[in-house]
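As a plain string of letters, each chain reads:
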Amino acid sequence: MSEILAKNAEYASVLKDVIKLRHEPVAIKLIKEDEEYPEGYEEPVRQMSHCQTVFAAKNGESYKMPLASQGCMVGASALGMADPSEKISSGEFHANIGMHDSIEAAGNMIGARMVVPYKTKGEVVCPLKDADFEPDVVALVDIPERIYWIVPLTTAEKGGRLEFSTSPFQCACEDVTVVPICKGTPNISIGCFGCRKRTDMQADEMACGIPYSLIPGYVEHLKKYEQGVMLKANRE
């Protein structure tokens, strides 16, 4: 076992066992145009959206996802793999779903979204315990009480308050992946229409994306929390 794989397996074990996650933490690595894909990961037999890939990975699956494997261009464009179509940019695509009062309102939503600030050619998504590479983001999907612990973990050293960004769409791609990459801070999402339509996301679940650079500190704090503050909390 490589050093990085052993480290990620330990991180995943502590995150899952101490927070009591129902699913595996997920490693997400965007592959820049001049980078090679990590070895040992296969493309899916059919196209999948980024959210479907992330939710499959929490259940133990691993995928190499070049642009040709991406089944959602809204997500692919947020992740730097492709330019959005005119229908997406204008708001027409999302307005047709029926949540916005006008194409302009839906267009304002898309216009306000974050996208990764560099070009990518794909991604690798897998359980963190199986990641033989350093991911950009670690994603968690679970009930609010489990996701809550990301807040004290993030404020433990310097205090302060956290702010989260979300919209009716793009939970897994923008909220959980792009925002943590762009801002360098965790982002919590209450889910989105796409995730709740195309994945096994449950009605009582939400999601969180954490920059990988923060995971070692989180793990060390969780070891303290496990025998301390977590014993005082109602965690049923």
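What counts as what
Residues numbered from 1 in each chain as written. Predicted model: local features only at pLDDT ≥ 70, side-chain atom pairs only at ≥ 80, totals over all residues. Heavy atoms only, no water. Buried < 20%, exposed > 50% of the residue type's maximum accessible area, 1.4 Å probe, protein only. Helix = DSSP H or I, 4+ residues; strand = E, 2+ residues; numbered from the N terminus. Pairing = 2+ DSSP bridges. Axes fitted to C-alpha atoms, helices over the stretch in contact; angles between N-to-C directions. Contact = heavy atoms within 4.5 Å.

### Considerations on the pairing of strand S4 (residues 137-142)
Then, in step 1: Most of S4 is tucked away, with six of its six residues classed as buried.
Then, in step 2: Burial of the side chains of S4 extends over both faces: Val137, Ala139 and Val141 are buried on one face and Val138, Leu140 and Asp142 on the other.
Then, in step 3: Two elements, strand S1 (residues 26-32) and S4, share three bridges in a ladder whose sense is antiparallel. Bridge assignment links Ala27 to a residue of S4, and that residue is Val138.
Then, in step 4: Looking at chain direction, S4 and strand S6 (residues 206-211) are connected through six bridges and run antiparallel. By the bridge assignment, Val141 is partnered in S6 with Ala207.

### A word on the sheet that holds strand S3 (residues 120-127)
Then, in step 1: Reading across from one edge, S2-S3-S1-S4-S6-S5 is the order of the six strands in this open sheet, with antiparallel pairing throughout. Because the sheet does not close on itself, it has two edges, and the strands there are strand S2 (63-66) and strand S5 (187-189). Put simply, the sheet's adjacent strands are angled 20° from each other on average, direction ignored.
Then, in step 2: Pairing analysis gives four bridges linking S2 to S3, with the strands arranged antiparallel. Within S3, the residue paired with Tyr63 across the bridge is Val125.
Then, in step 3: Seen against the sheet, helix H9 (residues 171-183) touches S1, S4, S5 and S6 and runs at an angle of roughly 25° to S6.

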